[in-house]
Amino acid sequence: MSHERDDRRSSSETEHERRFRLVIEAAPNAMVMVDHSGSVVLVNSQAESLFGYDRDALLAMKVEDLLPERYRDVHHGYRGAFFADPARRDMGAGRELYGLRSDGTEVPIEIGLNPIRIDGDDFVLASIIDVTARLEALAIEKEALREHERRLRLVIEAAPNAMVMVDHSGTVVLVNSQAENLFGYDRDALLAMKVEDLLPQRIRGGHVGYRDAFFAAPARRDMGVGRELYGLRSDGTEVPIEIGLNPINIDGEDFVLASIIDVSARLEALAVEQEAMREHERRLTLVIEAAPNAMVMVDRTGSVVLVNSQAENLFGHDRDTLLAMKVEDLLPERIRGGHVGNRDAFFADPARRDMGVGRDLFGLRSDGTEVPIEIGLNPIKIDGEPYVLASIIDIRGRVDAQAAEQDELRRSMLDSIPFSILATDSTGRIVSANAAAERMLGYTGAELIGASLGKIDTEPRADGADWDSVLSAAVGAERELTYRRKDGTVVPVSEAITPLHGNEPDAAPAGYLAVAYDISERLQAQAEVQFLENHDPLTKIPTRSRLMRHLGDAIEAAEQDGTEVAVLVVDLDHLKRINDSLGHHAGDELLVRIADRLNTWIRSTDMVARLGGDEFAIVMSSLQNADAITPRVEALLEDLLTTVAVGGHELAVTVSIGGAIYPPGDQDPGELLKRADLAMEHAKAAGRNNFQWFRDDMLDPADDGLTLVSALRQALRDGGLSVAYQSQVDLRSGRVVGIEALARWHHPDLGEVSPGRFIPVAEDGGMIVQLGGWVLRKACRDVAQIQKVLGRPLRVAVNVSPHQFRSAGWLGEIVGALNDSGLDPAQLELEITESLLMDDRLGAMDMLHAIRSLGVTIAVDDFGTGYSSLAYLSRLPIDKIKIDRSFVQELDTDDHAPVIDAIIMMAHALGMTVIAEGVETAKHEGYLRQRGCDEVQGFFYSRGVPPEDVVRTVQTIGVF
């Protein structure tokens, strides 16, 4: 039956291929199918006709052989890019593209490309059109357009004004004889120029932008009307002109046609008229200039039209600047709005009047300072137009005399206080500032006095007359604000408002004191602490604790609004390999890149966090149907699969993703995250680079391996492991000379998990390097502390996995552990396996010499169970041989152990120390002592004990 099914499937596939070929053969265009290498794998008869080759010749060619030589290199790169990112696209449309026929002639073509997959292989199917006829028709159309252009030239030549037509780039494309006469160039010279070449240098830069703006929004408009605009003649002289611009479209391309008028005669007549007006103005100016006060004349719109030198001195602006200003520009901001109304009222009912007499009125100088003034206003009419002539008196001397009467003692007291103190009147205008305020804000006292308190605010607190109520409401409460310094920078402050009462205590406050101090350092420290509490220092994304709070809130919200919450655990596959080959800095950079991609993928309401190591978690809340996000997650897998540039290397990254949903998942955030983590482990077990939702059958006790992997990963991340220490005794002295570090794991649900169970899990799950490194660092720290209490040196032995040994960063990790703990390298002993020594690919010899150069001792663990020999070990820098416990246990049934005898004798001959493990009885100890064994360890002396019990155990066994 199976053979029949195979025959039917083969027959079906053959029928499918036959129909595919018939469809391609029936296509009206030439059809060519190409594989990933560019080889032609299928053609139709139209392709044979187009290129002049028979089918067999075409099927022996590369696709680049059908293109002219000049296209081939570019097309090779284009083909590679298309297969990397296939999508329907066209080539040759709107530009020249040619195919190469068998006789060497070229044929113009357009190509449509379509990706296609057959039996798992990628191909591209090209539909090729011969566009020779289309190009010939286009040539006829262009000839008709050229006739149209000839007629346009005749019309332009007949125009009475100079006519210049310009394209989008500013190039002159058409002129008439009037343009030649106006600019002094012949036609050929003009047609070789840019339009800006016909303008004086000072105008050219601005004209380029104006031209671009015109082409962006073309419309009939004039230039130069009512203002000066000049053209530049060939002899370098300038001619005043006015220009009318009209947009025009030819063959789908935009141009501008400029009609240019020489306005020299018009300007000369205008100059005579203006000279007469200037004489009248000169006489008026002489009168005003002779006035002892600042004089400013203003028209109905508020524009300054006349000033004297006293006004220049008072306001700090030169005459030209003043004449370009509005009168309100000479007043502080707070006065301007009201002054516009006063000005309009004055022009409506003009009469001689005074302003500022008996009250505060200020002018604004060019440096931003304010000057107290009094003003006398007089209406004046010139040529029928109304004006107002203002006589302005500087009363700074009077105000300064009044200010000098202030209490100097109070001033001294305010200046001695380190806090910024600004005194204001009831309207919020600053009347006094102490030295601390000047230092904090960067203003002088003179710059602050007279200004509104709002001058230093980054956010407005009041508008006009509202200051009294705003400041009154702020009395008695200290609050945080942000002041703006003179240089524009801001300073956060804590400010308190205090009322200033006059002689009558029950009266409303006459003003207020704003007392403030800089809290920048405090806020910065708070922000840094808060950020570090909630964010991973490497990736700058939230930590597990913040994620759990967010997940709890999301679950609570889902209960209320009936939505769902999804938790995804994302684990980078093989990060250890990157750390080993490129260094931890590359791994760290990769983690940052992945965090950035995950942040880009999530919605604004979601959260990405780093759980630790190579694991991330994503919380997606307010989902109507969490299962519906599966396509998004699978798209994320594809996105993360794309190469990532790290440290000059293009890395192909894969991830394993597990997800869990509430409801119906567990309501507890921790349990929901564990389920997502378990689903992720299933994804890794299924071959990595895939996504799985949590299923209840994943909790099956029979699936203990994955449960253990997930639990161990969590223990490494959250600190669920410990280290015990077993004593090593010198048989000659009877004292403890060292201890062996033994990894231990107590799980809250699984109980005590033996090393024989979790060490293989760590090996298979890619966690052994992390586990071994953690044991090394902790053992060095613990022994450094233990020997301080013990009062003498103590050696510590640490097991090394082959995975650690081949890790590129292993040597650096040893150095780091020694430096961080302060442990003498001679007190560290690394135990390696025989199998590691026999694998020459690991470069064992170089690594062992490097470790020995640090002063660290090297021991071979479980010696005798592998295939190495003492003769082989004699060529390696080995210090100690450790006899496997299985040989020691044989002493229970036999009084003679020839293997032990041989190991001890040959090791001593090679200058190596011998230690036997698994010593559990006095018989074991006696035999080993008689044979000259150097050291022993086992239950006969001590089991593994926690760090806090090591000193007591050593003192019990040892002799001081």
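Just so it is clear, the model here is predicted, and its values are computed rather than measured.

The rules behind the values
Residues numbered from 1 in each chain as written. Predicted model: local features only at pLDDT ≥ 70, side-chain atom pairs only at ≥ 80, totals over all residues. Heavy atoms only, no water. Helix = DSSP H or I, 4+ residues; strand = E, 2+ residues; numbered from the N terminus. Buried < 20%, exposed > 50% of the residue type's maximum accessible area, 1.4 Å probe, protein only. Contact = heavy atoms within 4.5 Å. Areas by Shrake-Rupley, 256 points an atom, 1.4 Å probe, with all protein chains shown as cover. 1 Å grid on protein atoms, 1.4 Å probe; cavity = no way out; pocket = protein on both sides within 12 Å on 5 of 7 lines; lining within 4 Å. Points joined across faces, edges and corners; volume = space filled by probe spheres on them. Nonpolar A, V, L, I, M, F, W, Y, C, P; charged D, E, K, R; others polar. Arc of directions from axis to C-beta. Core = buried A, V, L, I, M, F, W, Y, C linked by side-chain atoms within 4.5 Å. Phe/Tyr/Trp six-rings, centres within 6.5 Å; stacked < 30°, edge-to-face > 60°. Lys NZ or Arg CZ within 6 Å of the ring centre and 35° of its normal. Pairing = 2+ DSSP bridges. Axes fitted to C-alpha atoms, helices over the stretch in contact; angles between N-to-C directions. Expected span 1.5 Å × (residues − 1). Patch = residues over 30% accessible without salt bridge, like charges linked within 9 Å, V, L, I, M, F, W, Y side chains within 5 Å. Salt bridge = Lys/Arg side-chain N within 4 Å of Asp/Glu carboxyl O. Lys, Arg positive; Asp, Glu negative; His and termini not counted. Charge placed at Lys NZ, Arg CZ, Asp CG, Glu CD.

Draft legend 1. Structural view of the overall build of the protein. Scanning the protein from terminus to terminus reveals 35 helices and 39 strands. By the burial criterion, 44% of the 960 residues in the protein qualify as buried. Sequence separation of at least 24 residues holds for 55% of the intrachain contacts in the protein that already meet a minimum separation of 6. When the accessible surface of the protein is totalled, it reaches about 48,800 Å², and 53% of it is carbon and sulfur.

Draft legend 2. A look at empty space enclosed by the protein. Tallying each qualifying case throughout the model produces 2 cavities of 30 Å³ or more. When its volume is computed, the largest cavity comes out at roughly 220 Å³. Considering the residues around the largest cavity, the lining is formed by 18 residues, among which Val195, His207, Ile243, Leu245 and Ala258 are closest to the centre. Secondary-structure elements contributing two or more residues to the lining of the largest cavity are strand 7 (162-167), helix 8 (201-216), strand 11 (238-250) and strand 12 (253-262). The biggest single contributor to the lining of the largest cavity is helix 8, with 5 residues. Looking at the lining of the largest cavity, its residues break down into 16 nonpolar, 1 polar and 1 charged. Volume-wise, the second largest cavity comes out at about 30 Å³. Residue lining of the second largest cavity: Val800, Phe805, Trp810, Leu830, Ile832, Leu848, Ile851 and Ile858, and that is the complete set.

Draft legend 3. Focus on helix 34 (residues 922-930). Among all positions in helix 34, only His924, Glu925, Tyr927 and Leu928 are buried. Take helix 34 and look down its axis: the buried residues cluster within an arc of 165 degrees, on one side only. Residues of helix 34 that are buried in the fold lie against helix 32 (885-889), helix 33 (898-909), strand 38 (913-917) and strand 39 (935-937). At the C-terminal side of helix 34, Gly932 shows a positive phi close to 85 degrees.

Draft legend 4. Looking closely at the nonpolar core. If you look at the biggest cluster of nonpolar residues, it comprises 78 residues, and the most contacted ones within it are Val796, Leu828, Leu830 and Ile900. At 10 residues, helix 26 (residues 768-790) tops the list of elements feeding residues into this core. Setting aside anything within four residues of it in sequence, one finds Val796 in contact with Tyr725, Ile739, Ala741, Ala779, Val783, Leu823, Gln827, Leu828 and Glu829.

Draft legend 5. Broad picture of the packing of aromatic side chains. With the rule as written, the count across this model stands at 6 aromatic pairs. Here Phe82 and Phe83 contribute two aromatic rings whose centre-to-centre distance is 6.5 Å and whose plane-to-plane angle is 90 degrees, an arrangement assigned as edge-to-face. Like Phe82, the residue Phe83 is buried in the burial classification. A centroid spacing of 6.4 Å and a plane angle of 90 degrees characterise the contact between Phe214 and Phe215, whose relative ring orientation is edge-to-face. A single burial state applies to Phe214 and to Phe215, both of which are buried. The ring of Trp601 carries Arg632 above its face, with NZ or CZ at 4.3 Å from the centroid. One residue, Arg943, lies across the ring of Phe939, its end atom 3.8 Å from the ring centre.

Draft legend 6. Fine view of unusual backbone geometry. Here Tyr662 and Pro663 are connected by a cis peptide whose omega angle stands at -20 degrees. Within the secondary structure layout, Pro663 lies in the loop between strand 29 (655-662) and helix 23 (669-685). The omega angle of the peptide bond from Pro663 to Pro664 is 10 degrees, so this bond is cis rather than trans. Inspection of the secondary structure assignment puts Pro664 in the loop between strand 29 and helix 23.

Draft legend 7. Molecular detail of the sheet that holds strand 30 (residues 691-693). With mixed pairing, 5 strands are arranged side by side in an open sheet as 25-26-24-29-30. For this open sheet the edge positions go to strand 25 (607-612) and strand 30, each flanked by a neighbour on one side alone. Pairwise comparison of adjacent strand axes, ignoring direction, gives a mean angle of 20 degrees for this sheet. Two elements, strand 24 (residues 564-572) and strand 26 (residues 615-623), share 7 bridges in a ladder whose sense is antiparallel. The residue bridging Leu568 from the neighbouring strand is Ile618, located in strand 26. Strands in contact with helix 21 (residues 584-601) are strand 24, strand 25 and strand 26; relative to strand 26, the strand with the most contacts, it is inclined by about 5 degrees. Strand contacts of helix 22 (residues 630-641): strand 24, strand 26, strand 29 and strand 30, with the helix running at about 160 degrees to strand 29, the strand carrying the most contacts.

Draft legend 8. Representation of the pairing of strand 36 (residues 857-863) in the model. Within strand 36, 6 of the 7 residues are buried, which leaves the element mostly enclosed by the surrounding structure. Relative to strand 36, strand 35 (residues 828-832) runs parallel, the two being bridged by 4 bridges. Pairing of Ile832 across the sheet is with Val860, part of strand 36. In terms of strand pairing, strand 36 meets strand 37 (residues 880-883) through 3 bridges, oriented parallel. Across the sheet, the residue bridging to Phe863 is Ile883, located in strand 37.

Draft legend 9. Examining helix 28 (residues 810-821) more closely. For helix 28, which comprises 12 residues, the first-to-last C-alpha distance of 17 Å matches the rise-based estimate of 16 Å (1.5 Å per residue) to within 8%. Where helix 28 is concerned, the buried positions are Trp810, Glu813, Ile814, Ala817, Leu818 and Ser821. Mapping the buried residues of helix 28 onto a view down its axis gives an arc of 135 degrees, with all of them on the same face. Seen from the buried face of helix 28, the exposed residues on the opposite side, beyond 90 degrees, are Asn819 and Asp820.

Draft legend 10. Examining a negative patch on the surface more closely. A cluster of acidic residues, Glu141, Asp251, Glu253 and Asp254, forms a negative patch on the protein surface. Here Asp254 is to be found in strand 12. Exposure remark for Asp254: the relative accessible area of 36% places this residue in the partly exposed category.

Draft legend 11. Representation of the side chain of Ser942. Mapped onto the secondary structure, Ser942 falls in the loop between strand 39 and helix 35 (947-957). Residue Ser942 is classed as buried on the basis of its relative accessible area of 6%. With residues near it in sequence (within four places) discarded, Ser942 still touches Gln726, Ser727, Thr953 and Ile957.

Draft legend 12. Seen up close, the sheet that holds strand 21 (residues 479-484). Taken together, 5 strands build an open sheet; the order of strands is 20-19-23-22-21 and the sheet is antiparallel. Since the sheet does not close on itself, it has two edges, and those belong to strand 20 (430-433) and strand 21, each with one partner. Averaged over all pairs of adjacent strands, the angle between their axes in this sheet comes to 35 degrees, without regard to strand direction. Examined bridge by bridge, strand 19 (residues 420-425) and strand 20 share 3 bridges and lie antiparallel to one another. Residue pairing for strand 20: Leu422 is matched across the bridge by Ala433. Packed onto the sheet, helix 17 (residues 467-474) meets strand 19, strand 21, strand 22 (490-500) and strand 23 (511-518) and runs at close to 55 degrees relative to strand 23.

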